[in-house]
Amino acid sequence: MNLRTTLLVFLCFCATTVLRAERVDMLKAGAKANGKALNTKLINSTIDRLNRGGGGTLFFPAGTYLTGSIHLKSNITLELEAGATLLFSDNFDDYLPFVEVRHEGVMMKSFQPLIYAVDAENITIKGEGTLDGQGKKWWMEFFRVMIDLKDNGMRDMNKYQPMWDAANDTTAIYAETNKDYVSTLQRRFFRPPFIQPIRCKEIKIEGVKIVNSPFWTVNPEFCDNVTIKGITIDNVPSPNTDGINPESCRNVHISDCHISVGDDCITIKSGRDAQARRLGVPCENITITNCTMLSGHGGVVIGSEMSGSVRKVTISNCIFDGTDRGIRIKSTRGRGGVVEDIRVSNIVMSNIKREAVVLNLKYSKMPAEPKSERTPIFRNVHISGMTVTDVKTPIKIVGLEEAPISDIVLRDIHIQEGKQKCIFENCERITMNDVIINGKVIKSTTDTTD
């Protein structure tokens, strides 16, 4: 082998070595898998080191790894082997100091999400293991604060409420928020979402099981190109433990997921009220397919925080079994924003406790006001190929007097065991074709299902 060939082989070997990202076995790196010793510092320092070197994977073999907030950075993968559990601490102090988050559509500073990332790219969470949020203490403190506020008015029930006051410009937050959210702000205790990347690109969450979230479970904010595939979310009955909530994101792909939660299964959002209108970041180019949804207030929901607008959404090939509602689009006066270009197809529902399809612009019953930028708009929604068995209200469409819901197409919808009449108020240009409810063909909004 001549010198030139030898040099070429050597350079190729070096290039291969440099490009191969490091894969760290966290057990061998010193992590404790007994579910008792806190691994937060080791996990985050390993992420920092790999990030500085260009990226890599943190691999968790079978075992239970107790941790506080994990801060993902660019080119980092968390991989959980079958039998591995990331068990998140239920000590609230392990999620301090407060950081920038979005809580129910409002930008603020509050507890660190359990898994958090800001301005990162190429981040992945994958494997056959489990992420356990240990949410019970968070839920109980939420109830304690909420009940005390109702009974006694604003006062400090824990050390975190004055910390929230000090960390935020509360005057500005209140000024940009509708009065229907004031009582929530007055709690001053906001549970962290499980997974919240902010302003990130190229996100993948695949295969893992997620349980016991303190609050919303998978909640990307202002992100681009998000893929969520084949995950299971199982939150016991619990407050506001939504499943997958992309908010002000674009190019989101959700598929092959199994979801049973304490609130909505999948919800598409874009922020709340004047603050979100000022930021002006819609949620758009969203696909949801091949998912099963069991317990939940709604199967797939848009809103009510949609002030930055939601558009270009397809929902297909999903099963809802036992959710309170099936397809739900909701907002209220004061939100502003537009929901448009929504297509729903090939859906099977059963045992739906309230509405199979509901579009409601009077979600929080705000008082009437003149039409303005505060007025939400719903238009251009196409729903077809839907089979429903056992539902309280088959279809409910309620617009505003000043902003009727318009240009809705309902086609090939067959509903059996509908217990109440359909409801149509303040809506126009509703097209129905092959809509059959309890054996009766519904051709217009004036038809009933008696």
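Within an unreviewed UniProt entry, the label attached to the chain reads Glycoside hydrolase family 28 protein, and the organism entered is Bacteroides zhangwenhongii. Of the chain, the UniProt comment under Sequence similarities (unreviewed entry) reads exactly: "Belongs to the glycosyl hydrolase 28 family."

Regular strands place their side chains on alternate faces of the sheet. Of the two faces of strand S13 (residues 195–198), both are covered, the one formed by Ile195 and Pro197 as well as the one formed by Gln196 and Ile198. Judged from the four bridges that link them, strand S10 (residues 115–118) and S13 form a sheet pairing that is parallel. Note on S13: the bridge partner recorded for Ala117 is Pro197.

All told, the structure shown has 31 salt bridges when counted by the stated rule. In this structure, Arg102 engages Glu221 in a salt bridge whose closest nitrogen and oxygen atoms are separated by 3.2 Å. Here the residue Arg102 occupies a position in strand S8 (residues 99–103), and Glu221 occupies one in the loop between strand S15 (209–211) and strand S16 (224–229), the gap between them amounting to 119 residues. No difference in accessibility class separates Arg102 from Glu221, as the two residues are buried. When the shortest N-O distance is used, the salt bridge between Glu340 and Arg379 registers 2.9 Å. Of this pair, Glu340 sits in strand S26 (residues 338–360) while Arg379 sits in strand S27 (residues 377–398), and the two are 39 residues apart along the sequence. Judged by relative accessible area, which is 15%, Glu340 ranks as buried. Classification of Arg379 by relative accessible area gives partly exposed; the value is 32%.

Here we take up the sheet that holds strand S5 (residues 70–71). Taken in spatial order, the three strands of this open sheet run S5-S10-S13, and their pairing is parallel. Edge strands, defined here as strands with exactly one partner in the open sheet, are S5 and S13. Sheet topology note: the S5/S10 ladder contains two bridges and is parallel. Its bridge partner being in S10, His71 is matched across the sheet by Tyr116.

So, on to helix H4 (residues 160–167). Regarding H4, the residues found buried are Tyr160, Gln161 and Trp164. Within H4, the buried residues cover an arc of 105° as seen down the axis, which keeps them to one side. Those residues of H4 hidden inside the fold are in contact with strand S9 (106–110), helix H3 (136–152), helix H5 (170–175) and helix H6 (182–185).

Attention now moves to H3. Between its first and last C-alpha atoms H3 spans 24 Å; for 17 residues at 1.5 Å apiece the expected length is 24 Å, and the two agree. Buried residues belonging to H3 abut H4 and H6.

Its place among the elements puts Asp263 in the loop between strand S19 (258–260) and strand S20 (266–268). Summary of buried charges: Asp263 has no salt-bridge partner, and the nearest side chain of opposite charge, Lys330, is 5.7 Å away.

Take the side chain of Arg335 next. In this fold, Arg335 is placed in the loop between strand S25 (325–330) and S26. Given a relative accessible area of 1%, Arg335 falls into the buried group. Residues in contact with Arg335, not counting those within four places in the same chain, are Asn178, Asp180, Arg272, Asp273, Arg277, Ser304, Glu305, Met306, Ser307 and Arg374.

For the rest of this paragraph, the subject is the nonpolar core. Generally speaking, soluble globular proteins have nonpolar side chains that are buried together. Counting 118 residues, the largest nonpolar core has Phe60, Leu72, Leu131, Ile231, Ile244, Ile288 and Met386 as the members making the most contacts within it. In terms of residues, this core owes the most to one element, S26, which gives ten residues.

Assignment of secondary structure puts Ser110 in strand S9. Residue Ser110 is classed as buried on the basis of its relative accessible area, which comes to 2%. Once residues lying within four places of it in the same chain are set aside, the contact partners of Ser110 are Phe98, Val99, Val101, Trp164 and Phe190. Of note is the side chain of Ser110, whose polar atom sits 3.4 Å from the backbone oxygen of Phe190.

Conventions we followed
Residues numbered from 1 in each chain as written. Predicted model: local features only at pLDDT ≥ 70, side-chain atom pairs only at ≥ 80, totals over all residues. Heavy atoms only, no water. UniProt positions renumbered as here; feature names shortened; annotations may be inferred. Buried < 20%, exposed > 50% of the residue type's maximum accessible area, 1.4 Å probe, protein only. Helix = DSSP H or I, 4+ residues; strand = E, 2+ residues; numbered from the N terminus. Pairing = 2+ DSSP bridges. Salt bridge = Lys/Arg side-chain N within 4 Å of Asp/Glu carboxyl O. Arc of directions from axis to C-beta. Contact = heavy atoms within 4.5 Å. Expected span 1.5 Å × (residues − 1). Lys, Arg positive; Asp, Glu negative; His and termini not counted. Core = buried A, V, L, I, M, F, W, Y, C linked by side-chain atoms within 4.5 Å. Polar contact = N/O pair within 3.5 Å; in protein donor to acceptor, adjacent residues only side chain to side chain.

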